[in-house]
Amino acid sequence: MTQQQCSVLIIDDAYTVREYLRQTLLHLGISNVQEASNGKRGLSAFAEQQHDLVFLDIELPDINGQQLLQQIKTQADKTHVVMVTAHNSVDNVRNSIASGASGFIAKPFSPQKIKNIVERCLSAKLN
């Protein structure tokens, strides 16, 4: 799978984070990017199209990101989910990985960090 073929869903209540991620992904050649501002909209978007990669905020206004991660992985266990948070605690990381997350990034993050995660997830999908 190439980056151009990759579909990404960003679930984050902060518009600025969604926009930053979307712009970074566009610069990486990924144009199939959807966004959701809460967990309910995120689940709905994921049900319509099971994305290859999901950037998921741990703290959403309507649902805990850890719970949403489990729901996404139940629907499509091959989807890579990267947890996004401003609270980079050991418990958050441990719980996310235990629930099936492919990665974990703390805000603020750089375009290079996003690029590395996308490349790692895409190479894992090829194997």
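Residues numbered from 1 in each chain as written. Predicted model: local features only at pLDDT ≥ 70, side-chain atom pairs only at ≥ 80, totals over all residues. Heavy atoms only, no water.

Draft legend 1. Structural view of the overall build of the protein. From N to C terminus, the protein includes five helices and five strands. N-terminal to C-terminal, the α/β element order of the protein is β-α-β-α-β-α-β-α-β-α. For a compact globule of 127 residues, the expected C-alpha radius of gyration is about 14 Å, and the protein comes in at 13 Å, within 12% of that figure. Taking the principal axes of the C-alpha coordinates as reference, the protein spans close to 30 × 30 × 25 Å. Of the contacts made within the protein by residues no fewer than 6 positions apart, 65% connect residues no fewer than 24 positions apart. As displayed, the protein has an accessible area near 6300 Å², and 49% of this comes from carbon and sulfur atoms. Taken as two groups, the 12 positive and 12 negative side-chain charges of the protein have centres that lie 4 Å from each other. (Helix = DSSP H or I, 4+ residues; strand = E, 2+ residues; numbered from the N terminus. Rg over C-alpha atoms; globule rule 2.2 N^0.38 Å. Contact = heavy atoms within 4.5 Å. Areas by Shrake-Rupley, 256 points an atom, 1.4 Å probe, with all protein chains shown as cover. Lys, Arg positive; Asp, Glu negative; His and termini not counted. Charge placed at Lys NZ, Arg CZ, Asp CG, Glu CD.)

Draft legend 2. Representation of the sheet that holds strand β4 (residues 80-85) in the model. If you trace the five strands from one edge of the open sheet to the other, you get β2-β1-β3-β4-β5, paired in parallel fashion. With one partner strand each, in any of the chains shown, β2 (32-36) and β5 (103-106) form the two edges of the open sheet. Neighbour-to-neighbour, the strand axes of this sheet turn through a mean angle of 20°, independent of strand direction. The sheet contact formed by strand β1 (residues 7-11) and strand β3 (residues 53-57) spans four bridges and is parallel. Looking across to β3, one finds that Leu9 is bridged to Val54. Set on the sheet, helix α2 (residues 39-48) makes contact with β1, β2 and β3; between it and β1 the angle comes to about 165°. Contacts between helix α3 (residues 65-75) and the sheet are confined to β1, β3 and β4, with β4 contributing the most and set at about 175° to the helix. (Pairing = 2+ DSSP bridges. Axes fitted to C-alpha atoms, helices over the stretch in contact; angles between N-to-C directions.)

Draft legend 3. Representation of the pattern of salt bridges within the structure. Applying the stated criterion across every chain yields a total of seven salt bridges. The salt bridge involving Glu19 is made with Arg22; its shortest N-O contact spans 3.0 Å. Here Glu19 pairs with Arg22, and both are found in helix α1 (residues 15-27), just three residues apart, close to one helical turn. Across the salt bridge formed by Asp57 and Lys107, the nearest N and O atoms sit 3.6 Å from each other. Placement of the pair is Asp57 in strand β3 and Lys107 in the loop between β5 and α5 (111-126), with a sequence separation of 50 residues. (Salt bridge = Lys/Arg side-chain N within 4 Å of Asp/Glu carboxyl O.)

Draft legend 4. The arrangement of the pairing of β4 in detail. The buried fraction of β4 amounts to six of the six residues, a majority that puts the element mostly inside the structure. One crossover worth recording links β3 to the parallel β4 by way of α3, and it is right-handed. Pairing analysis gives four bridges linking β4 to β5, with the strands arranged parallel. From the neighbouring strand, Val82 faces β5, where its bridge partner is Gly103. (Buried < 20%, exposed > 50% of the residue type's maximum accessible area, 1.4 Å probe, protein only. Right-handed = clockwise from strand over helix to strand, strands pointing away.)

Draft legend 5. Examining the side chain of Arg18 more closely. Here Arg18 shows up in helix α1. We classify Arg18 as buried; its relative accessible area is 10%. Every residue in contact with Arg18, bar those within four places of it in the chain, is listed here: Ile10, Asp12, Asp13, Glu35, Ala36 and Ser37.

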